[in-house]
Amino acid sequence: MALFRGILVLISIVGLLIAGLVFAFSDPDVPADVLVGKYGQAPSQFVDLPSGAHVHYRDQGQPTAMPLVLLHGSNASLHTWEPWVRELSTQFRVISVDLPGHGLTGPVPGDDYSQEGMVKFVDEFTLRLKVDRFALAGNSMGGGVAACFAIEHPERLTHLILVDAAGLPTKTPQDPGLGFRIARTPVLQNLMLYVSPRRLFEDDLKKAIVDDAIVTPEMVDRYWELNRRVGTRAATLKRFQIPRDDFIELNVMKITAPTLILWGELDTFVPRDVGDAYNNAIKGSRLIVYKNVGHIPMEEVPEPSARAVREFLAAPSVP
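This structure is a prediction, so every number in the text was calculated from the model and none was measured. (Residues numbered from 1 in each chain as written. Predicted model: local features only at pLDDT ≥ 70, side-chain atom pairs only at ≥ 80, totals over all residues. Heavy atoms only, no water.)

Engineer: Tell me about the pattern of salt bridges, and name the residues and values.
Structural biologist: Oppositely charged side chains can pair when the atoms bearing their charge come close. According to the stated counting rule, one finds 13 salt bridges in the structure shown. In this structure, Arg233 and Asp29 form a salt bridge, with 2.7 Å as the shortest nitrogen-oxygen distance. With Arg233 in helix 9 (residues 232-240) and Asp29 in the loop between helix 1 (2-25) and helix 2 (32-39), this pair connects stretches of sequence that are 204 residues apart. The buried category is assigned to Arg233, whose relative accessible area is 6%. Of the residues examined, Asp29 reaches a relative accessible area of 39% and is grouped as partly exposed. The partner of Lys38 in a salt bridge is Glu225, and the shortest N-O contact between them spans 3.1 Å. With Lys38 in helix 2 and Glu225 in helix 8 (residues 217-226), the pair connects residues that are 187 residues apart, well separated along the chain. Within the structure, one salt-bridge network assembled from shared partners comprises Arg198, Glu202, Lys206 and Asp221. (Salt bridge = Lys/Arg side-chain N within 4 Å of Asp/Glu carboxyl O. Helix = DSSP H or I, 4+ residues; strand = E, 2+ residues; numbered from the N terminus. Buried < 20%, exposed > 50% of the residue type's maximum accessible area, 1.4 Å probe, protein only.)

Structure (structure tokens):
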């Protein structure tokens, strides 16, 4: 009995220590209106979907040109695509969007942050904008969503662009950074609801991007603040608790859209062999690998990667 009481006392002490650490180092939520004031000004727009989602997006470039829809990666936002927008908006209609549980879109009714839920969101969002057929590009998590969309809605796509896209398994050891490891660790992941150190975002960004000079204080602040939007940390926790989806692995060979695959040679988040797997599985696809580049080529090498996209979209379609 004495041993049992001692264990209870020890558990209580540890619990109090953890509670004290959370209180001491907690990072408060940021109100949505504060973030909209800082990150949601023109050219940003907002639209309400029939599902109830209040969506943040940007529709830039040439209104009557070919539409190119851009899907960001995990814990990122539409801002990651601005280097491509600058390069491509003179020739195309470029639409970027904050996916559910991200950026200024934030949590959505129903709390569906699964891959399938994201596909339904993209379908609903593009139809709401009356964009029936379009080219679709996605990075990381957004690349997996784009690949899944291409499998489920081939009639709606003119082209598919996968940028260090998730969705297929790798045989290469991965190093996603401390933040992502915490997010996937049971019990410990609950700290995400209260503790989101700015340094954690900085370290993970420098792990994703080879050239540290690209990781500016402004970039770190944007990631840190948007990921603390009211409700977003709870949405992120739910998303990381969703079991891995093997839908793409089982159906990737069904993709029929002309496909361009762009990859960073030094990506440790989604390693190079995943790009090879996509290229081998999708008939007629083309793979371009950028040396000394990590997980986010559109921010690391915006000019050459955007040039590859421009040439791809301008080329005659092959049935």
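Engineer: Explain the sheet that holds strand 1 (residues 44-48) to me, and be specific about the residues and the numbers.
Structural biologist: Remark on secondary structure: sheet strands pair via backbone hydrogen bonds, oriented parallel or antiparallel. If you trace the 8 strands from one edge of the open sheet to the other, you get 1-2-4-3-5-6-7-8, paired in mixed fashion. Because the sheet does not close on itself, it has two edges, and the strands there are strand 1 and strand 8 (286-290). Strand-to-strand twist in this sheet, taken as the mean axis angle between neighbours without regard to direction, amounts to 20°. Sheet topology places strand 6 (residues 157-165) next to strand 7 (residues 259-264); 4 bridges connect them, and they run parallel. The partner of Leu160 across the bridge, within strand 7, is Thr259. Helix-sheet contacts for helix 5 (residues 141-152) involve strand 3 (67-71), strand 5 (134-140) and strand 6, and the interaxial angle to strand 5 is about 140°. (Pairing = 2+ DSSP bridges. Axes fitted to C-alpha atoms, helices over the stretch in contact; angles between N-to-C directions. Contact = heavy atoms within 4.5 Å.)

Engineer: A description of the nonpolar core should follow, citing residues and the corresponding values.
Structural biologist: If you look at the biggest cluster of nonpolar residues, it comprises 81 residues, and the most contacted ones within it are Trp84, Ile161, Leu262 and Tyr278. Looking at this core, the element that brings in the most residues is helix 5, giving 8 residues. Those residues within four positions of Tyr278 in sequence are excluded, and the remaining contacts are Gly144, Ala147, Leu162, Ala165, Ala166, Gly167, Leu168, Ile248, Val252, Ile261, Trp263 and Ser285. Val30, Tyr39, Leu104 and Leu226 belong to the second largest nonpolar core, which has 5 residues in total. (Core = buried A, V, L, I, M, F, W, Y, C linked by side-chain atoms within 4.5 Å.)

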